[in-house]
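# Observations on the model geometry
Chain residues, written in single-letter form:
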Amino acid sequence: MSTLKPAAVRRVAVIGGSRIPFARSDGPYATASNQEMLGAALDGLVERYGLHAPGAVGEFVAGAVLKHSRDFNLARETVLGSRLDARTPAYDIQQACGTGLQAVVAAANKIALGQTESAVAGGADTASDAPLGVNDGLRKVLLEARRAKSPGARLRALAKVRPGHLVPDIPRNAEPRTGLSMGEHAAVTARAWGVTREAQDELAATSHQRLAAAYERGLFQDLVVPFRGLARDQNLRPGSSTEKLAALKPVFGLDRPEPTMTAGNSTPLTDGAALVLLASEEWAAERGLEPLAYLSAYETAAVDFVHGDVADGEDGLLMAPAYAVPRMLERAGLGMADFDLIEVHEAFASQVLATLAAWEKRGLAPVDRSRLNVAGSSLATGHPFAATGARIVATLAKLLAERDAPGRGLISVCAAGGQGVTAVLERP
């Protein structure tokens, strides 16, 4: 009996990216759905790389964290409403804030194994158009009425409806296991790691200044497509400074003395979408496309933030990359000195600083700040949950290509649920 031989693992190229400018919630995209935003980013990619032909892309992988029931089969419906070939297979994926990067990893694995030649991956999220759930009491009454065997029984069930049942379930930015918001968890971590207000404000101001400079020099010219009147990220504040940020009042950790986290050193609720085009080297060569960089390693991790010492422990909600990165680098035989650029998702300035400290505690060399988030990151762009990973992959790949020399970049993304997704990009 013959057996299938394992496929040789191929290099996976990052060809380019496409995203719409990110907008603050309840702003320009307040009425834009996940599908509309994701479709705009996808159409931008199709136009830029000429992906109109039948079978041009092997697969589309994307997701959203805040999903309506109408977002059923979101990735596939996005394809059907886009300029991409309607016969392109698609599927959804979700891992909280790690969704975009995990979608890239899922697509890259199929390319690496020869199961497809090209793929588009990423995500979208709208905090403006967040789903409102039916009050659970009303839901139970309606289900009881549906199960009723007679009109009388149905009426008796419906008679149980009370005014309080008409109040919808509003989505909460809180962990189900602890009841704490992501910001409150980050405040706990900031205290555990001794992260100062001054250090957080400095990192936030630098993020805005670097993103502004990146726009001015044209870095995003072939990465960002205008949408609903925006051509740049709405949250960007080019004139941001530590002095201005120091004037803001704390909004998280107010239950303890000297809270340090403000709206200025935390990411705002954001709407947006981002995608990455991935391919084999052969696919790129056939189309005359020069890869920006190659994906060479990825790693995920999770921490037990529920049963650990939540009040004073170091394994906070957003600290999984503190374990994922050292593990990934050990497997790859790399150290921090081997990276020219480092991208750490800025959910909160405090979380970035705590992660850097944790890496050092776990034996990694200190991160050279001149190599960290050199074109700004989430504190300046905003953070549409499922879109961030794809934004970072495309930006880092472009930054590596700009250097016109061999280089390597590290990506670290923390996620709700105590998870983290990390990756390495290389340009030979």
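Scroll up to find the structure.
The rules behind the values
Residues numbered from 1 in each chain as written. Predicted model: local features only at pLDDT ≥ 70, side-chain atom pairs only at ≥ 80, totals over all residues. Heavy atoms only, no water. Helix = DSSP H or I, 4+ residues; strand = E, 2+ residues; numbered from the N terminus. Buried < 20%, exposed > 50% of the residue type's maximum accessible area, 1.4 Å probe, protein only. Polar contact = N/O pair within 3.5 Å; in protein donor to acceptor, adjacent residues only side chain to side chain. Contact = heavy atoms within 4.5 Å. Core = buried A, V, L, I, M, F, W, Y, C linked by side-chain atoms within 4.5 Å. Pairing = 2+ DSSP bridges. Axes fitted to C-alpha atoms, helices over the stretch in contact; angles between N-to-C directions. Parallel < 35°, antiparallel > 145°, perpendicular 65-115°, else oblique. Nonpolar A, V, L, I, M, F, W, Y, C, P; charged D, E, K, R; others polar.

On to the side chain of S82, then. Along the chain, S82 falls in the loop between helix 2 (74–80) and strand 4 (90–92). Among the residues examined, S82 registers a relative accessible area of 15% and is labelled buried. Within the local environment of S82, its side chain forms a polar contact with the backbone oxygen of V79, the two atoms lying 2.9 Å apart. A distance of 3.1 Å separates a polar atom in the side chain of S82 from the backbone nitrogen of L84. When neighbours within four sequence positions are excluded, S82 is seen to be in contact with L42 and D43.

Formed by 48 residues in total, the largest nonpolar core has its most connected members in L278, L295, I411 and L425. For this core, the element with the highest residue contribution is helix 13 (residues 388–402), accounting for nine residues. L278 has contacts with V12, A13, V14, V104, A107, A108, I111, E117, S118, A119 and L295, leaving out every residue within four places of it along the chain. Core analysis: the second largest hydrophobic core is formed by 37 residues, I15, A41, L230 and A284 among them.

Let us look at the pairing of strand 8 (residues 270–280). Counting buried positions over the eleven residues of strand 8 gives eleven, a clear majority of the element. Neither face of strand 8 is left uncovered, since the one carrying T270, G272, A274, V276, L278 and S280 and the one carrying D271, A273, L275, L277 and A279 both have all their residues buried. Bridge count for strand 1 (residues 12–19) against strand 8 is seven bridges, and the pairing is antiparallel. Pairing of A13 across the sheet is with A279, part of strand 8. Note: strand 5 (residues 118–125) against strand 8, eight bridges, orientation antiparallel. The residue bridging G123 from the neighbouring strand is A274, located in strand 8.

Turning our eyes to something else, we now look at the packing of helix 4 (residues 136–147) against helix 5 (residues 151–158). At a minimum axis separation of 8 Å, helix 4 and helix 5 run at an interaxial angle of 175°. Between helix 4 and helix 5, the angle falls in the class roughly antiparallel. Seen from helix 4, the contacting residues are V141, L142, E144 and A145; seen from helix 5, they are R154, A157 and L158. Broken down by class, the residue content of the contact of helix 4 with helix 5 amounts to five nonpolar, no polar and two charged.

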